[in-house]
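Each chain is listed here by its residues.
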Amino acid sequence: MDKKTKIVGEPSKRVDALEKVLGTARYIGDYKVPGMLYARVLRSSHPHSKIVSLDISKAEKVPGVRAVITCQDFVNNGCFGRFMNDQFILAYKKVRYAGEGIAAVAADTPEAAYQGILAIECILEPLPILSDMERALDPDAPQVGPDRVDGVHPNLVVHNIVHKGEPLELIQDCPVQLERKYHTPHQDHAYLETEGALAIPFSDGSLTIYSTDQSPFINQSILMQVLGLPQTKIRVIQPVIGGSFGGKNDLSYQTSAQVAALALKTGQPVRMTFSREESTIAGYMRDAMNMYVRIGADQDGTLRALSFLGILDSGAYASGSYLTTWRACIHATGAYRFDAAHVDLKSVYTNNGYSGAFRGYGNTEVCFAIEQAIDELADRLGIDPIEFRLKNCLKLGDTTPHGHTLKESVGLTECIEKVRALSDWDAKRKAFSKHNQTSSSLRKGLGVAIFFHGVSLGAEGVDNASSTIQVNGDYTISLSSGLTDYGQGSRTVYTLIAAEELGVNPDRIIMYRPDTDTSISSGPTVASRATVVGGNAARLAAQNLAKIINLAAADILHCRPDQLQRVGESFIGPDEEPVSWEMVIQHARQMGLILSNQSKWEAPQIDWNFETGQGIPYYAYHYGAQVAEVEVDLDTGKILVKDIWAAHDAGRVIFPQGAAGQLYGGIAQGIGYALMEEVIYDDGYLQNLNFNEYTIPTACDVPDIHGCFVETDNPIGPYGAKNIAEPAMVPTAPAVLNAVAHATGQRIYEIPASLEKVLLMRDLQRPAQHNLPNHKFLVTRQKILKVQ
Amino acid sequence: MNIAFKLNGKKTSVTIPEDITLLTMLREHLNLTGTKQGCEIGECGACSVLLDGKLVNSCLVLAPQVEGREVVTIEGIRGLDGGPNDLQQNFIDHGAIQCGYCTPGMILASEALLSAHLKPSRSEIREALSGNLCRCTGYQQIVDAVEATAKSRNLQSEGQKNNG
Ligand code: FES
Ligand code: FES
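Not measured: the values here are computed from a predicted model. (Residues numbered from 1 in each chain as written. Chains lettered and ligands numbered in written order. Predicted model: local features only at pLDDT ≥ 70, side-chain atom pairs only at ≥ 80, totals over all residues. Heavy atoms only, no water.)

Our next topic: the overall build of chain A. Scanning chain A for helices and strands turns up 18 helices and 32 strands. Relative to its length of 788 residues, chain A is compact, with a C-alpha radius of gyration of 27 Å against a globular reference of 28 Å. Principal axes of the C-alpha set define a box for chain A whose edges measure 80 × 75 × 50 Å. Classification of the 788 residues of chain A by burial places 65% in the buried group. Carbon and sulfur atoms provide 50% of the accessible area of chain A, an area that totals close to 26,900 Å². Charge separation in chain A, taken as the distance between the mean sites of 71 positive and 89 negative side-chain charges, equals 2 Å. (Helix = DSSP H or I, 4+ residues; strand = E, 2+ residues; numbered from the N terminus. Rg over C-alpha atoms; globule rule 2.2 N^0.38 Å. Buried < 20%, exposed > 50% of the residue type's maximum accessible area, 1.4 Å probe, protein only. Areas by Shrake-Rupley, 256 points an atom, 1.4 Å probe, with all protein chains shown as cover. Lys, Arg positive; Asp, Glu negative; His and termini not counted. Charge placed at Lys NZ, Arg CZ, Asp CG, Glu CD.)

A separate point is the overall build of chain B. Looking only at helices and strands, chain B has five helices and five strands in total. In sequence order, the secondary structure elements of chain B are arranged as β-β-α-β-β-β-α-α-α-α. Considering only C-alpha atoms, chain B reaches an extent of 50 × 40 × 25 Å along its principal axes. Taken over 164 residues, chain B has a buried fraction of 54%. Long-range pairs, those at least 24 residues apart, make up 55% of the contacts in chain B with a sequence separation of at least 6. With an accessible surface of roughly 6,800 Å², chain B has 50% of that area assigned to carbon and sulfur atoms. Separation between the mean location of the 15 positive side-chain charges and that of the 18 negative ones in chain B comes to 4 Å. (Contact = heavy atoms within 4.5 Å.)

Next up on the list: the packing of helix 16 (residues 656-675) of chain A against helix 17 (residues 732-744) of chain A. A pair of packed helices is characterised by two quantities: the angle between their axes and the separation of those axes. Residues and elements named next belong to chain A. Look at helix 16 against helix 17: their axes get within 8 Å of each other, and the N-to-C directions meet at 50 degrees. The orientation of helix 16 with respect to helix 17, classified from their angle, is oblique. You can see that helix 16 and helix 17 cross each other, and the crossing is right-handed. Seen from helix 16, the contacting residues are Ile-667, Gly-670, Ile-671, Tyr-673, Ala-674 and Leu-675; seen from helix 17, they are Thr-732, Ala-733, Val-736 and Leu-737. (Axes fitted to C-alpha atoms, helices over the stretch in contact; angles between N-to-C directions. Parallel < 35°, antiparallel > 145°, perpendicular 65-115°, else oblique. Left-handed = near helix turned anticlockwise from the far one by under 90°.)

Residues and elements named next belong to chain A. Cis geometry marks the peptide bond from Ile-751 to Pro-752, where omega comes out at 0 degrees. Relative to the elements of secondary structure, Pro-752 occurs in the loop between helix 17 and helix 18 (755-760). Phi at Ser-409 takes a positive value of approximately 55 degrees, unusual for a residue other than glycine. Mapped onto the fold, Ser-409 is located in the loop between helix 10 (385-392) and helix 11 (412-422).

Residues and elements named next belong to chain B. Pairing within the open sheet is mixed, and its five strands lie in the order 2-1-5-3-4. In this open sheet, the two strands that pair with only one neighbour each are strand 2 (10-15) and strand 4 (54-57). Each strand axis lies, on average, 40 degrees off the axis of its neighbour in the sheet, ignoring direction. With six bridges joining them, strand 1 (residues 2-7) and strand 2 adopt antiparallel strand pairing. (Pairing = 2+ DSSP bridges.)

Let's shift gears to the packing of aromatic side chains. All names here are of chain A. All told, the structure shown has 17 aromatic pairs over all chains when counted by the stated rule. Measuring from centroid to centroid gives 5.4 Å for Trp-326 and Tyr-618, while their planes differ by 45 degrees, and the two rings are tilted. Here Trp-326 is found in helix 8 (residues 321-331), whereas its partner Tyr-618 is found in the loop between strand 26 (614-616) and strand 27 (621-633), with 292 residues between them in sequence. Both residues of the pair, Trp-326 and Tyr-618, belong to the buried class. Relative to Tyr-623, the ring of Tyr-621 lies with its centre 6.3 Å away and its plane at 55 degrees, an arrangement referred to as tilted. Of the two residues, Tyr-621 and Tyr-623, neither departs from the other in class, the shared state being buried. Among the aromatic residues, those joined into a cluster by ring pairs are Trp-326, Phe-452, Trp-608, Phe-610, Tyr-618, Tyr-621 and Tyr-623. Over the ring of Tyr-719 we find Arg-539; its NZ or CZ atom is 3.9 Å from the centre of that ring. (Phe/Tyr/Trp six-rings, centres within 6.5 Å; stacked < 30°, edge-to-face > 60°. Lys NZ or Arg CZ within 6 Å of the ring centre and 35° of its normal.)

This next bit is on helix 11 of chain A. Residue and element names in this part refer to chain A. Looking at helix 11, one finds that the buried residues are Leu-412, Cys-415, Ile-416, Val-419 and Arg-420. Down the axis of helix 11, the smallest arc covering the buried residues is 135 degrees, so these residues share one side. Tucked inside the fold, the buried residues of helix 11 contact helix 10, helix 12 (425-436), strand 18 (442-454), strand 27 and strand 28 (639-649). Asp-424, located one to two residues past helix 11, shows a positive phi value of around 55 degrees. (Arc of directions from axis to C-beta.)

This part covers the packing of helix 9 (residues 363-381) of chain A against helix 17 of chain A. All names here are of chain A. Where helix 9 contacts helix 17, the axes come no closer than 8 Å and their chain directions differ by 35 degrees. Remark: the crossing between helix 9 and helix 17 carries right-handed chirality. Side by side, helix 9 and helix 17 meet where Cys-367, Phe-368, Glu-371, Gln-372 and Asp-375 of the first sit next to Ala-733, Pro-734, Leu-737 and Asn-738 of the second. Taken together, the residues of the contact of helix 9 with helix 17 break down into five nonpolar, two polar and two charged. (Nonpolar A, V, L, I, M, F, W, Y, C, P; charged D, E, K, R; others polar.)

Moving on: the pattern of salt bridges. Residue and element names in this part refer to chain A. The tally for this structure, following the rule as stated, stands at 47 salt bridges over all chains. Linking Arg-135 and Asp-138 is a salt bridge whose minimum nitrogen-to-oxygen distance equals 3.6 Å. Judged by relative accessible area, which is 26%, Asp-138 ranks as partly exposed. Residues Glu-631 and Lys-642 are paired through a salt bridge, measuring 3.6 Å at the closest nitrogen-oxygen approach. Taken together, the positions of Glu-631 in strand 27 and Lys-642 in strand 28 put the pair eleven residues apart, joining distant regions of the chain. Classification of Glu-631 as buried rests on a relative accessible area of 17%. Among the charged side chains, a network of salt bridges with common partners joins Glu-371, Asp-375, Asp-379, Arg-389 and Arg-747. (Salt bridge = Lys/Arg side-chain N within 4 Å of Asp/Glu carboxyl O.)

Residue and element names in this part refer to chain B. Segmentation of chain B into domains returns domain 1 (2-76) and domain 2 (86-163). The interface is formed by 14 residues belonging to domain 1 together with eleven residues belonging to domain 2. Taken together, the connections running from domain 1 to domain 2 amount to zero salt bridges. Taken together, domain 1 and domain 2 are joined by five residue pairs in polar contact (both at pLDDT 80 or more). With three residues, strand 3 (residues 48-51) is the single largest residue contributor to the side of domain 1 that touches domain 2. Residue composition of the side of domain 1 that touches domain 2, by class: seven nonpolar, five polar and two charged. (Domains from an automatic or database assignment. Polar contact = N/O pair within 3.5 Å; in protein donor to acceptor, adjacent residues only side chain to side chain.)

Often, the extent of an interface is quoted as the loss of accessible area upon association of its parts. Contacts between the two partners involve 54 residues from chain A and, on the opposite side, 46 residues from chain B. In total, chain A and chain B occlude about 3,900 Å² of area from one another, counting both sides; carbon and sulfur atoms represent 55% of this. Counting the contacts that link chain A with chain B gives 30 residue pairs in polar contact (both at pLDDT 80 or more). Of all elements in the fold, only helix 1 (17-22), helix 7 (276-282) and helix 16 of chain A reach the threshold of two or more residues within the side of chain A that touches chain B. For the side of chain A that touches chain B, the element with the highest residue contribution is helix 16 of chain A, accounting for eight residues. The class makeup of the residues in the side of chain A that touches chain B is 26 nonpolar, 17 polar and eleven charged. (Buried area = accessible area lost by both parts, 1.4 Å probe.)

Turning our attention to the sheet that holds strand 13 (residues 234-237) of chain A. All names here are of chain A. Read across the sheet, seven strands follow the order 3-7-1-14-11-12-13 without closing on themselves; strand pairing throughout is mixed. Because the sheet does not close on itself, it has two edges, and the strands there are strand 3 (65-69) and strand 13. Averaged over all adjacent pairs, the angle separating strand axes in this sheet is 20 degrees, with direction ignored. For strand 1 (residues 37-43) and strand 7 (residues 101-107), the ladder comprises six bridges, and the chain directions are antiparallel. Paired with Tyr-38 across the strands is Ala-107, a residue of strand 7. Helix 5 (residues 216-227) rests against strand 12 (207-211) and strand 13 of the sheet, and its axis sits at about 150 degrees to strand 13. Along the sheet, helix 6 (residues 250-266) contacts strand 1, strand 3, strand 7, strand 11 (196-201), strand 12 and strand 14 (270-273); its crossing angle with strand 3, the most-contacted strand, is approximately 125 degrees.

Here's what the structure looks like:
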């Protein structure tokens, strides 16, 4: 591990906390500029239709309406897509989900914009709705995906595999076998702040955009593409973001492009923000998955082979599912050794809204399946679930089923032992088993889940980031990164890293939010890559600046730079008085040194073969284990999570308070995923639009969590750091469900494990509604032709 | 219509359409944007304010209902020096903030609890905050911050009693 640090890993506070507690932080909805217009979008009220006609002429005449736009106001009809070009800024010819934008209006007031929407005449001709992902690849399935010329079914988004040996043959020979189907639901990000964007036009034809986007540089490049403007004309600035968890990509980019086009048309600033209902119906979700697991082990508890087939519902557009599928594929084996393993995942188009990135990015889904299967196998063998995992889990020197030999930084065994000790597993598990044999209807359970999670992008894309740093006139330091802080704390992490390298107080550093004019493109802020990739870039820039400053210090102190010592912020040489930071900076300026630096950090190349399903998918992995304690009331079906213990190998922890917060927050989302959260589509119509119908955990649903970090050294991360944001939630749902199985003796293969599933071990039938709930935001002025 | 009320300790009068909510009046007519909008149906607590000292969801209160009454928003929660008060400082110190969108509502809900209850247990704190959703923090550090504030306010008030 890196030598001793003074600031990194030590207690510190968030750089943006003060404005947030005072209520002065400005989010997109808090921006108001003179002459600002309000925008609103007409959204499809049908999940799959041809747009027969779209007439905006009446809307344009509504008093107060300043402009109306459709797909025709964009280059190439506004076609865009981050991984597949299958999406439009506003619908072109077809709508593929209920909630898809068709036209947008800008007006003097929100009311006038609403009247404008009502005056748009749109006629839809319904097409057959594809709502069952299992049917998507049938030869006669309604076509939702774009036309293809390569003979592949148009409803296939992507197909990924991991392949090692022939598992099916091996499983047949195994004395202990298990075959199961699992289902995970669509989950809503449910960030407290909904999406929005503000575009401000200037007389030279340029635009400044403020948007709730996860990656301002991606937003900028999409805007350039759909508006046909050069980079110099579009500046994207990040306001404070009220949570993202993977969710503020595509919809935020569409919204940005809509307000941008309206601003160009009217010459006035235009803002659009969403109601909760509109955010839910227009935005994207975590994909739903069906998974078919076959697994075999020897009588002595050695895992032998795994077959993991899965289908992933991407909904109307590919969005992040294109890569979620791959990440899910890589992680579907769990953190175990197998003699043979075959993972085969397909993501498909349907008319169920659409799905994209969400914390865990596919691993959250597959971990639920594999960790329940492993647990059930341990039960069958009569081996303690923790012993079984310890025996089979990945250790230093092991080769993963992908063919990756792990040469460093594998803290999994330590994590498992930690949660075992912290939770008092051995004694408690026994006591609960005994208790559950009594007649009490209050059952108790203890469950465990372990996992691994690839750090940063891996084979998902080019992986680099840049940072700029400079010393200002008042001796403060400005630092920028192209990666975004949407609440997870990366601005604090970069500040601490730069302070460490420069030997200054963190207060001296002003860390900017990304602005495409002043920071440098660093790819997407996804995959929990902010700490490793962005952190390395910030560290490199700070180190390079420190070298320049040390030259000046050495000059004043008449010594070599390597003889310099630091006391507080001051510099001392071998035998002279200390000189202050300010004096050194002044001296550097007199010497004519330029006190700024810009550095880029590039992740090592990884090597994955998509054809053979073998290779090195990621350069490092986060490992972890969680134990959940539950109480299940058999009379009411209520599941109470009483306690969670979590041990994570996140490499070196840079900002402990922030890492703990990520851990708690991720676990809370995992509890929601396990027990209450499910976006329900009824024949393509989303049913739960607001927090009264889509419930997320409150302070009473989450217990006090006992977390700890097992610090191994990731040689690639800054100071040995890995990641934490996503991994935190990955094992929570299976740990809870394994605890429920321990408590009740029954397994639930579908989440959320709702009341009826626990009581009846089956889902209650939902009455078919085939209707969009009548919410005020949704304007159903579109005429829908009768379905034949 | 015109309504007059006390806002963050100051007499205020404002002319508004009569069918708007307190939340809209605060954000759009008085430019107090610290009060957030998360759901508009009374489920998330992002819009929490104190009305005559009681916690309410301002999205469920019609603006004219506050006539003659007293409203406290996040902008009215300050220490003596105009900076953060002890509770806000504890939110900072305990890492009770991530994206910060729920924070103003959480602070007001916590103030409402602490004004009514001097020694809340952790589960009472959780209960009191259960009308305020936070998607980022998992609540733990928020509970820590409120617990720490309760302790220090108790010490202070006991100290005052002893001195008196
Ligand atoms: S906005 Fe008022 S409770 Fe959610
Ligand atoms: S800090 Fe983001 S919702 Fe609470």
